[in-house]
Amino acid sequence: MAPVLTFAVRRRDPLLVGPARPTPRETKRVSDLDDREVLRRQIPNVCFYRGRGGPRAGADPVGVIRRALGEALVPYYPLAGRLREVEGRRLVVDCTGEGVLFVEADADVRLAELEAATGLGLRPPFPCMDQLLYDVEGSGGVVGCPLLLIQVTRMLCGGFALAFRINHVMFDATGVTQFVSAVAELARGLPSPTVAPAWSRELLNARGPPPPREPLPPHRDDAAPTLPAAFSGMALQTFTFSPADVAALKNALPPRLRDKATTFDVLTAAAWRARTAALEVPPGEEVGLAFMANVRGLPELGLPAGYYGNACVALRARATAGALRGGSLGDAVAQVREAKAAMLTAEHVWAVAARRRRPPVVLTANDLFVSDIRGAGFHRVDLGWGEPVYGGTAAADLHFGASMLLPVRSIDGEEKGLALTMVLPPLAMGRFASEVDTLLASLVASAAVPETRAKL
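Residues numbered from 1 in each chain as written. Predicted model: local features only at pLDDT ≥ 70, side-chain atom pairs only at ≥ 80, totals over all residues. Heavy atoms only, no water.

**Details of the overall build of the protein**
In step 1: When you go through the protein residue by residue, the secondary structure sums to 11 helices and 18 strands.
In step 2: For the protein, the residues scored as buried account for 57% of the 456 residues in total.
In step 3: Of the contacts made within the protein by residues no fewer than 6 positions apart, 80% connect residues no fewer than 24 positions apart.
In step 4: Entry remark: accessible area of the protein is about 18200 Å², with carbon and sulfur atoms responsible for 55%. (Helix = DSSP H or I, 4+ residues; strand = E, 2+ residues; numbered from the N terminus. Buried < 20%, exposed > 50% of the residue type's maximum accessible area, 1.4 Å probe, protein only. Contact = heavy atoms within 4.5 Å. Areas by Shrake-Rupley, 256 points an atom, 1.4 Å probe, with all protein chains shown as cover.)

**Concerning the sheet that holds strand β15 (residues 368-372)**
In step 1: Sheet architecture is open: six strands sit in the order β11-β18-β17-β15-β12-β13, paired in mixed fashion. For this open sheet the edge positions go to β11 (235-241) and β13 (312-320), each flanked by a neighbour on one side alone. The average angle at which neighbouring strand axes cross in this sheet is 25 degrees, direction not considered.
In step 2: In this structure, strand β12 (residues 286-294) lies alongside β15, joined through three bridges in parallel fashion. Looking at the pairing, A290 lines up with F369 of β15.
In step 3: Packing against the sheet, helix α7 (residues 263-278) makes contact with β11, β12, β13, β15, β17 (403-409) and β18 (416-424), and its axis sits at approximately 155 degrees to β15. (Pairing = 2+ DSSP bridges. Axes fitted to C-alpha atoms, helices over the stretch in contact; angles between N-to-C directions.)

**Overview of the confidence of the model for the protein**
In step 1: Residues at a pLDDT of 70 or more form 85% of the protein, whose mean pLDDT is 86.
In step 2: The spread of mean pLDDT over the elements of the protein runs between strand β10 (residues 223-224), the lowest at 44, and strand β7 (residues 100-107), the highest at 98.
In step 3: Predicted confidence is poor over residues 448-456, with pLDDT under 50, and the contacts of this stretch with residues over four places away or in other chains come to 20 contacts. (pLDDT = per-residue confidence, 0-100.)

**A look at the packing of aromatic side chains**
In step 1: Inspection of every chain in the model, using the stated rule, returns 12 aromatic pairs.
In step 2: On the numbers, 6.3 Å between centres and 45 degrees between planes, the contact of F171 with Y308 is tilted. Here Y308 lies in the loop between β12 and β13 and F171 lies in the loop between β9 (160-167) and α4 (173-187), a separation of 137 residues in the sequence.
In step 3: Among the aromatic residues, ring-to-ring pairing joins Y76, F171, F179, W199 and Y308 into one connected group.
In step 4: Between the NZ or CZ atom of R11 and the centre of the ring of Y134, over which it lies, the distance is 3.7 Å.
In step 5: The aromatic ring of Y307 is capped on one face by R201, whose charged end is 5.8 Å from the ring centroid. (Phe/Tyr/Trp six-rings, centres within 6.5 Å; stacked < 30°, edge-to-face > 60°. Lys NZ or Arg CZ within 6 Å of the ring centre and 35° of its normal.)

**Re the pattern of salt bridges**
In step 1: Here the structure, examined in full by the defined rule, presents 27 salt bridges.
In step 2: Between D94 and R84 there is a salt bridge, with its nearest N and O atoms 2.5 Å apart. Of this pair, D94 sits in strand β6 (residues 91-94) while R84 sits in strand β5 (residues 82-85); the two residues are 10 residues apart in sequence, bridging distant segments of the chain.
In step 3: Classification of D94 by relative accessible area gives buried; the value is 18%.
In step 4: For D372, the salt bridge goes to R374, with nearest N and O atoms at 2.7 Å.
In step 5: When its relative accessible area of 27% is taken as the criterion, D372 is described as partly exposed.
In step 6: Judged by relative accessible area, which is 22%, R374 ranks as partly exposed.
In step 7: A cluster of three or more residues bridged by salt bridges with shared partners is formed by R12, D60, R66, E104, D106 and R154. (Salt bridge = Lys/Arg side-chain N within 4 Å of Asp/Glu carboxyl O.)

**Topic: the packing of α7 against helix α9 (residues 329-343)**
In step 1: Between α7 and α9, the least distance of the axes is 8 Å, while the angle of their chain directions is 120 degrees. Judged by the angle between their axes, α7 and α9 are oblique. Every pair of crossing elements has a handedness; the one defined by α7 and α9 is right-handed. Contacts from F264, D265, V266, A269, A270, W272 and R273 in α7 reach L329, A332, V333, Q335, V336, R337 and K340 in α9.
In step 2: Of the residues contributing to the contact of α7 with α9, the split by class is nine nonpolar, one polar and four charged. (Parallel < 35°, antiparallel > 145°, perpendicular 65-115°, else oblique. Left-handed = near helix turned anticlockwise from the far one by under 90°. Nonpolar A, V, L, I, M, F, W, Y, C, P; charged D, E, K, R; others polar.)

**Some points on the sheet that holds β5**
In step 1: Pairing in this open sheet of three strands is antiparallel, and the strands run β3-β6-β5 from one edge to the other. Across the chains shown, the open sheet's two edge strands, defined by having one partner strand only, are β3 (27-29) and β5. Direction aside, neighbouring strands of the sheet carry axes that sit 35 degrees apart on average.
In step 2: Relative to β6, β5 is paired through four bridges, and the arrangement is antiparallel. Residue pairing in the sheet places L83 in a bridge with V93 of β6.

**Some points on the pairing of β15**
In step 1: Counting buried positions over the five residues of β15 gives four, a clear majority of the element.
In step 2: Note: β15 against β17, three bridges, orientation parallel. When the sheet's bridge partners are listed, S371 is paired in β17 with M404.

Here it is in structure tokens:
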């Protein structure tokens, strides 16, 4: 086990960064898909940079990013406003131009030390993340608070961290990456963002009254990652999968699935089965899987390029623990794919929007919730110093217990892989690691190929 890493961080007083030029003063309604109880929360993310090379080599990242942020807030001016509630607790954005919170900091640590802290390279949980993204007093609410909190932390080696906490009502992962990419383009000297932002939130409003709660379809769409209080004392661990691991999992599938199953399908199905075994769920009890699907590609919705609001819905599959564990990996993959095919429609999206005020279906300790943020592109945000060594979620939410699938790199940067964060009680975490390790080792052995898989 790697030694615990601690370090000092010195922060300047937070300041508000507003749009660099005058912007419209107006009120905008968010969509019914944005205005759901489960999204009234803050989400932290972080990108780590070596600070060497690129057109900005030698420049101060704090000044560069702060100036670019002000420029980006001109086309993205709603983000400089504040949410408030109107009739029926509906949320609207007052475009006041007040700005977003910005914190400048310096840390007595080198990026190499953070990489060595896990022995694998940069991936959550990160040491002292609460210092790299400081919770400024009064900033953690949803209504009446800044919609973004950004901290840029310089390191002793010349590297730096860009950490940001977002109000989930305003963005999903794709949306916030679009905004941060706009900041990055302006930081690199582009005259304007290459993707113009589009509001168009009315396109994701409900098209009719909410459908009845009962009977529920086999693949329920309104699952929310809300775990019971009894599922406490949880730990976070990140599991890394190399390209060889993914290939071995796909090769284990029957021919009818091998060429159709995505990387997400196989990793999620494998994690679902391993987690069920790790929790030692009795065979007759139900276990669930919920995962987010990006609906920007559905032509019926008519979402324009540059749409940065929430455009994801949760899909769900269910089985008994006995059937899931007794079946094959291919059976679980088939269930994941069936959930996608059954629910990923425009009608489904509008139905979810219509149910915005209903209490969400509560996931139990038996249920796995997965969010795939690979496509969001955090790992490609180039501020002028090259792509980040790591870009993605800053920490798993131990209360909600959501798992994240994200791209990572080895310490030397040569090997790219995928990481899955997992939240479990400590004893179950050990069993989960053993289940995944045993599965991949058996697949490598059965294929008679060299074991090149990443260390878990």
